[in-house]
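Spelled out, the chains give:
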Amino acid sequence: MGLVVKVPAGGVNPASSDPLPLVVEVASRGAIAQSSDPEPSPSPSAEPEPIQVSKEVFNQTFTEVEALIKNLNGLIKARDYSGWTRYLSADYIKRMSEAENLRQMSQSATLQKNNIVLKSLNDYFINVVVPSRANLRLDDLVFLSENVVEAIMIVGNRRVTVYRLIKIDNQWMIGLS
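None of the values given here were measured: they were computed from a predicted structure.

K.L.:
I keep staring at the packing of aromatic side chains and nothing clicks. Help me out?
P.N.:
The relative placement of two aromatic rings is captured by the distance of their centres and the angle of their planes. Under the criterion given, the structure shown has 6 aromatic pairs. Arranged with centres 6.4 Å apart and planes meeting at 40°, the rings of Trp84 and Tyr124 form a pair that is tilted. Here the residue Trp84 occupies a position in helix H2 (residues 81-85), and Tyr124 occupies one in helix H6 (residues 121-132), the gap between them amounting to 40 residues. The exposure class of Trp84 is buried, given its relative accessible area of 1%. Among the aromatic residues, those joined into a ring-pair cluster are Tyr81, Trp84, Tyr124 and Phe125. The aromatic ring of Tyr163 is capped on one face by Arg133, whose charged end is 4.9 Å from the ring centroid.

As structure tokens, this is what we get:
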């Protein structure tokens, strides 16, 4: 299984404040596509069904995740790589650092057009995350379990999953599962 970098159809403009996120999606075919769809997620056949939670749990989680996204936006705008990595799960770091995944992500049209080859997680942060994820907001949550949520941003009339988050040791982290 590999990772696919998806970029908005118009590409990524690092100087733009356009909130459309650049997206990384786990894929089994390794093809690079252009889109602004979900953050890393398992293949479609393995997608868990959303679960229902109480209004209290939803509201508490929404508040926590909204604060996390604001923190991440600040770290990303400041290009604070080490601060950003504190919010990544070990699985996310491992997968996003794999040489094959970096090679596949480097095949995206936007990165190729700009002669960018990703060689590390830091390269991914500077060349993919910084230009595309500094202006995200939380509009909704989808609970996949008590400890796994998808953070949703509404773009136009589309619901876009901007992060898959996992609660580890009582802290929300960017994750893959």
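K.L.:
Where do I start with helix H1 (residues 55-77) in this structure?
P.N.:
Helical geometry: 3.6 residues make up each α-helical turn, so side chains three or four residues apart lie on a common side. Compared with an ideal rise of 1.5 Å per residue, which puts 23 residues at 33 Å, H1 spans 32 Å between its outermost C-alpha atoms and is within 8% of the ideal. Taken residue by residue, H1 has Thr61, Phe62, Val65, Leu68, Ile69, Leu72, Asn73, Leu75 and Ile76 as its buried positions. Packed against the buried residues of H1 are H2, H6, strand S4 (140-145), strand S5 (148-155), strand S6 (158-168) and strand S7 (171-174). Phi turns positive, to about 55°, at Arg79, one or two residues after H1.

Criteria and cut-off values
Residues numbered from 1 in each chain as written. Predicted model: local features only at pLDDT ≥ 70, side-chain atom pairs only at ≥ 80, totals over all residues. Heavy atoms only, no water. Phe/Tyr/Trp six-rings, centres within 6.5 Å; stacked < 30°, edge-to-face > 60°. Helix = DSSP H or I, 4+ residues; strand = E, 2+ residues; numbered from the N terminus. Buried < 20%, exposed > 50% of the residue type's maximum accessible area, 1.4 Å probe, protein only. Lys NZ or Arg CZ within 6 Å of the ring centre and 35° of its normal. Expected span 1.5 Å × (residues − 1). Contact = heavy atoms within 4.5 Å.

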